[in-house]
Amino acid sequence: MSAIFERRSVRSFLPKSVEPDKIERLLRAGFEAPSAHNRRPWEFVVISARKDLDAIAEMSPYAKMCTEAAAAIIPCANLSLSLGGNAAPEDTWWIQDLAAATENILLQIVEEGLGGVWLGWYPDKARIDALSSRFGIPSYIVPFSVIALGYPAKSAPKADRFNASRVHYGAWD
Ligand SMILES: Cc1cc2nc3c(=O)[nH]c(=O)nc-3n(C[C@H](O)[C@H](O)[C@H](O)COP(=O)(O)O)c2cc1C
């Protein structure tokens, strides 16, 4: 799958909106992710209003590119749907589920000729609270990441990252 090898974080965007059918395909990619016990505990919040994207940029020191992004997708965990079916602290399989959904969307972003970047949100409580408060996200829903996206302003450099010294066949040594 070439998207895996083409994908790089894009943090600079053209002032051009993203077509709704492309956004829907990104969401469909998120819904296709694997999840523990097939719980699929995700919900997605789509943000495209300029003032909201600018507000997200203020919530994290590492989210400034949101001021240029055409849209953001916020993959969230619905703790009532996750493995365990509750918000128990030890029930953390959803973290892996949401990471898989986030990566699926990032790969579909490449397929759509778009660019995007995964912004770390969970487990930073201040960022989660700021996002939940602005967008009315209830307490049993955890905003896991923010994906800032749009048409890329420039292509990102790529290099082969394969590292044979980190691969262990059969056993460690
Ligand atoms: C959990 C996680 C959190 C990240 N948070 C941010 C972030 O807040 N801001 C940002 O610009 N990039 C963020 N990134 C993107 C990484 O910086 C990026 O993936 C890494 O530098 C490798 O570059 P590449 O994506 O181009 O391969 C995050 C990536 C992951 C997986």
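Numbering of residues begins from 1 in every chain and follows the order in which that chain's sequence is written. Whole-chain, interface and lining totals are the exception, using all residues; otherwise, since this is a predicted model, local features are given only for residues with pLDDT of at least 70 and side-chain atom pairs are given and counted only at 80 or more. Side-chain numbers come from the whole structure's heavy atoms, not from hydrogens or water.

**Here's the deal with a nonpolar patch on the surface**
Let me state the cut-off plainly: Each patch is built from salt-bridge-free residues with over 30% relative accessible area, joining like charges within 9 Å and nonpolar side chains (Val, Leu, Ile, Met, Phe, Trp, Tyr) within 5 Å. The method behind every accessible area is Shrake-Rupley, applied with a 1.4 Å probe, and residues are considered shielded solely by the protein chains displayed. Within this document, salt bridges are pairs made up of a side-chain nitrogen of Lys or Arg and a carboxyl oxygen of Asp or Glu, the two lying within 4 Å of each other. Under the DSSP-based scheme used, a helix requires at least four consecutive residues in state H or I and a strand at least two consecutive residues in state E, with every element numbered from the N terminus. Relative accessibility decides the category of a residue: with a 1.4 Å probe and only protein chains considered, values under 20% of the type maximum give buried, values over 50% give exposed, and everything between is partly exposed.
Taken together, the side chains of Phe-162, Val-167 and Tyr-169 present a nonpolar region at the surface, about 400 Å² in accessible area. Position of Tyr-169 relative to the elements: it lies in the segment after β5 (145-150). Classification of Tyr-169 by relative accessible area gives exposed; the value is 72%.

**A short note on the packing of aromatic side chains**
Our working rule: Side-chain rings of Phe, Tyr and Trp, where Trp is taken by its six-membered ring, are said to pair if the distance between their centres is within 6.5 Å; with planes under 30 degrees apart they count as stacked, over 60 as edge-to-face, and otherwise as tilted. Remark: a charge is flagged as sitting over a ring if the NZ atom of Lys or the CZ atom of Arg is within 6 Å of the ring centre and within 35 degrees of the ring normal.
Per the stated rule, a full pass over the model turns up four aromatic pairs. Judged by centre distance (6.4 Å) and plane angle (25°), the ring pair of Tyr-122 and Phe-144 falls under stacked. Of this pair, Tyr-122 sits in the loop between β3 (115-120) and α5 (125-135) while Phe-144 sits in the loop between β4 (141-143) and β5, and the two are 22 residues apart along the sequence. When its relative accessible area of 7% is taken as the criterion, Phe-144 is described as buried. An aromatic cluster of at least three residues, connected via ring pairs, comprises Trp-94, Trp-118, Tyr-122 and Phe-144. Just above the ring of Tyr-151 sits the side chain of Lys-16; from NZ or CZ to the centre is 4.0 Å.

**Looking at α5**
Stated precisely, the cut-off is as follows: To be clear, the arc concerns the directions from the helix axis to the C-beta atoms. What makes two residues a contact is simply this: any of their non-hydrogen atoms within 4.5 Å. N or O atoms closer than or at 3.5 Å make up a polar contact, with two conditions inside protein: a donor-capable atom paired with an acceptor-capable one, and, for residues adjacent in sequence, both atoms drawn from side chains.
Among the residues of α5, Arg-127, Ile-128, Leu-131 and Ser-132 are the ones counted as buried. Buried residues of α5, viewed axially, fall in a sector of 125°; they line one side. For α5, the exposed residues lying more than 90 degrees away from the buried face are Lys-125, Ala-126 and Ser-133. For α5, the secondary structure elements touched by its buried residues are α3 (50-57), β2 (71-78), β3, β4 and β5. With a side-chain oxygen lying 3.1 Å from the backbone nitrogen of Ala-126, the N-terminal cap of α5 falls on Asp-124.

**With respect to the site of the ligand**
Rules: In this text, near means that some heavy atom of the residue lies within 4 Å of the molecule or strand in question. Gly is placed with the polar residues, together with every amino acid not listed as nonpolar (Ala, Val, Leu, Ile, Met, Phe, Trp, Tyr, Cys and Pro) or charged (Asp, Glu, Lys and Arg).
Taken together, the residues surrounding the ligand are Arg-7, Arg-8, Ser-9, Arg-11, Tyr-62, Met-65, Val-117, Trp-118, Leu-119, Gly-120 and Arg-161. The separation between an oxygen atom of the ligand and a polar side-chain atom of Ser-9 is 2.5 Å. Interatomic distance of 2.9 Å between a backbone N/O atom of Trp-118 and a nitrogen atom of the ligand. Out of a free accessible area of 620 Å², the ligand has 60% covered by protein chains. Tallied by class, residues from the shell around the ligand come to five nonpolar, two polar and four charged.

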